[in-house]
Amino acid sequence: IELFTSQGCSSCPPADRLMGQLAQDPSLITLSLPVDYWDYLGWKDTLALHGNSRRQRDYAITRGDREVYTPQAVINGVMHALGSDKSAIESAIARTRQSAQPLSLAVTMTVADSKATVHVPAASNGQHSGEVWLCPVTSKAQVKIGRGENRGRTLNYYNVVRRWMKLGDWNGKAEDFSIALDKLPDADFSLEDVDHLAVIVQGGGTSKPGLMLGAATASLH
């Protein structure tokens, strides 16, 4: 579940709280993807990545519905629902499991010897290609909002993606991908700011994100 949210969106806090609840479910991988297109309203989102905004637009174009809003949850890469509507999200999960066969790859990830290693098994159904992306994640980030629609509020964000890092392309054969942990930080965060990693294998390509073929998480601490 990817939640597109913004610190400048007054409708988003209920969805952010719901993400905190859904994050407790071990059968789900939840990711918060703060966007920057509401920054003009008076508050620059401190966690936003422009790439998240682009990813949300690319999803809408790929689906063909042009639906871009906050809070928006994208489920298994192929369906969307209002991010604060738990029943709609659960319904979308059930429908994608029945029709699209998401997460059919048993992806695993380990962290050892100062590196993260991802194993993607060989294809076992009709999906034979995808992109492998690694995301450093902050489990909980608390932000005091100074301006904009949420001014004066202190809000919590859960499983915030801090960066997108492409590990490579998967072509249907079993393959391992690895990266040194000291390559994870950038100018906006250090290794101390993240506590786990998420990896996804996704069909469709960077500009046309599609079905989630596999995913996994691993703790850094």
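Look up a bit, the structure's there.
Residues numbered from 1 in each chain as written. Predicted model: local features only at pLDDT ≥ 70, side-chain atom pairs only at ≥ 80, totals over all residues. Heavy atoms only, no water.

Asker: So what exactly am I meant to see when it comes to the overall build of the chain here?
Answerer: For the chain, the helix and strand inventory stands at three helices and twelve strands. Taking 221 residues into account, the globule formula puts the C-alpha radius of gyration at 17 Å, and the chain, at 17 Å, falls close to it. In terms of its C-alpha atoms, the chain occupies a principal-axis envelope of roughly 50 × 40 × 30 Å. Looking at the chain alone, contacts between residues at least 24 apart form 65% of all its contacts between residues at least 6 apart. Put simply, the chain shows about 10,400 Å² of open surface, and 47% of that area lies on carbon and sulfur atoms. With 22 positive and 23 negative side-chain charges, the chain shows a separation of 4 Å between the mean positions of the two kinds. (Helix = DSSP H or I, 4+ residues; strand = E, 2+ residues; numbered from the N terminus. Rg over C-alpha atoms; globule rule 2.2 N^0.38 Å. Contact = heavy atoms within 4.5 Å. Areas by Shrake-Rupley, 256 points an atom, 1.4 Å probe, with all protein chains shown as cover. Lys, Arg positive; Asp, Glu negative; His and termini not counted. Charge placed at Lys NZ, Arg CZ, Asp CG, Glu CD.)

Asker: How should I be thinking about the packing of aromatic side chains in this particular structure?
Answerer: By convention here, two paired aromatic rings are described through the distance between centres and the angle between planes. Inspection of the entire model under this criterion finds four aromatic pairs. Where Trp133 meets Trp164, the ring centres are 6.1 Å apart and the plane angle is 80 degrees; that geometry is what we call edge-to-face. Of this pair, Trp133 sits in strand β7 (residues 130–144) while Trp164 sits in the loop between β8 (154–161) and β9 (165–170), and the two are 31 residues apart along the sequence. You'll find Trp133 and Trp164 in the same group, each marked buried. Taken together, the aromatic side chains of Tyr37, Trp38 and Tyr40 make up a single cluster linked through ring pairs. (Phe/Tyr/Trp six-rings, centres within 6.5 Å; stacked < 30°, edge-to-face > 60°. Buried < 20%, exposed > 50% of the residue type's maximum accessible area, 1.4 Å probe, protein only.)

Asker: Explanation requested: the environment of Thr154 in the structure shown.
Answerer: Among the secondary structure elements, Thr154 is positioned in strand β8. Ignoring sequence-local partners within four residues, the contact set of Thr154 consists of Gln142, Val143 and Lys144.

Asker: Explain the environment of Val194 to me, please; I cannot follow it from the model alone.
Answerer: Tracing the chain through its elements places Val194 in the loop between β10 (175–180) and β11 (196–202). For Val194, a relative accessible area of 1% gives the class buried. Considering only alpha carbons, one finds Val194 and Lys183, eleven residues apart in sequence, at a separation of 13 Å. Apart from residues lying up to four places away in sequence, Val194 is in contact with Pro136, Val137, Thr138, Arg162, Phe189, Leu220 and His221.

Asker: Teacher, can you tell me more about helix α3 (residues 86–99) here?
Answerer: Turn by turn, an α-helix covers 3.6 residues, leaving residues three or four places apart pointing in a common direction. Over its 14 residues, α3 extends 20 Å from the first C-alpha to the last, a length consistent with the 20 Å expected when each residue adds 1.5 Å. Within α3 the residues assigned to the buried category are Ile89, Ala92, Ile93 and Thr96. Mapping the buried residues of α3 onto a view down its axis gives an arc of 105 degrees, with all of them on the same face. In α3, the exposed positions that point more than 90 degrees away from the buried face belong to Gln98 and Ser99. Tucked inside the fold, the buried residues of α3 contact α1 (13–22), β3 (72–75) and β4 (79–82). Positive phi shows up at Gln101, right after α3, with a value of about 55 degrees. (Expected span 1.5 Å × (residues − 1). Arc of directions from axis to C-beta.)

Asker: Whenever I open this one, the pattern of salt bridges confuses me. Can you help?
Answerer: Oppositely charged side chains can form a pair if their charged atoms are brought close together. Scanning the entire structure with this criterion turns up four salt bridges. One salt bridge connects Glu2 with Arg55, and the closest N-O pair in it is separated by 2.7 Å. One end of the pair, Glu2, is in strand β1 (residues 2–5); the other, Arg55, is in helix α2 (residues 50–63), with 53 residues separating them in the sequence. Note on accessibility: Glu2 and Arg55 belong to one class, buried. Lys166 is the salt-bridge partner of Asp169, the closest N and O atoms lying 2.9 Å from each other. Assessed through its relative accessible area of 38%, Lys166 is described here as partly exposed. (Salt bridge = Lys/Arg side-chain N within 4 Å of Asp/Glu carboxyl O.)

Asker: I would appreciate a short explanation of unusual backbone geometry in the present structure.
Answerer: A negative phi angle is the norm for most residues apart from glycine, just as the trans form is the norm for most peptide bonds. Across the junction of Thr70 and Pro71, the peptide omega takes the value -5 degrees, indicating a cis bond. Although it is not a glycine, Asn76 sits at a positive phi angle of roughly 55 degrees. Looking at the secondary structure, you find Asn76 in the loop between β3 and β4. Residue class for Asn76 comes out buried when judged on its relative accessible area of 13%.

The values reported here are purely geometric and, on their own, carry no functional implication.
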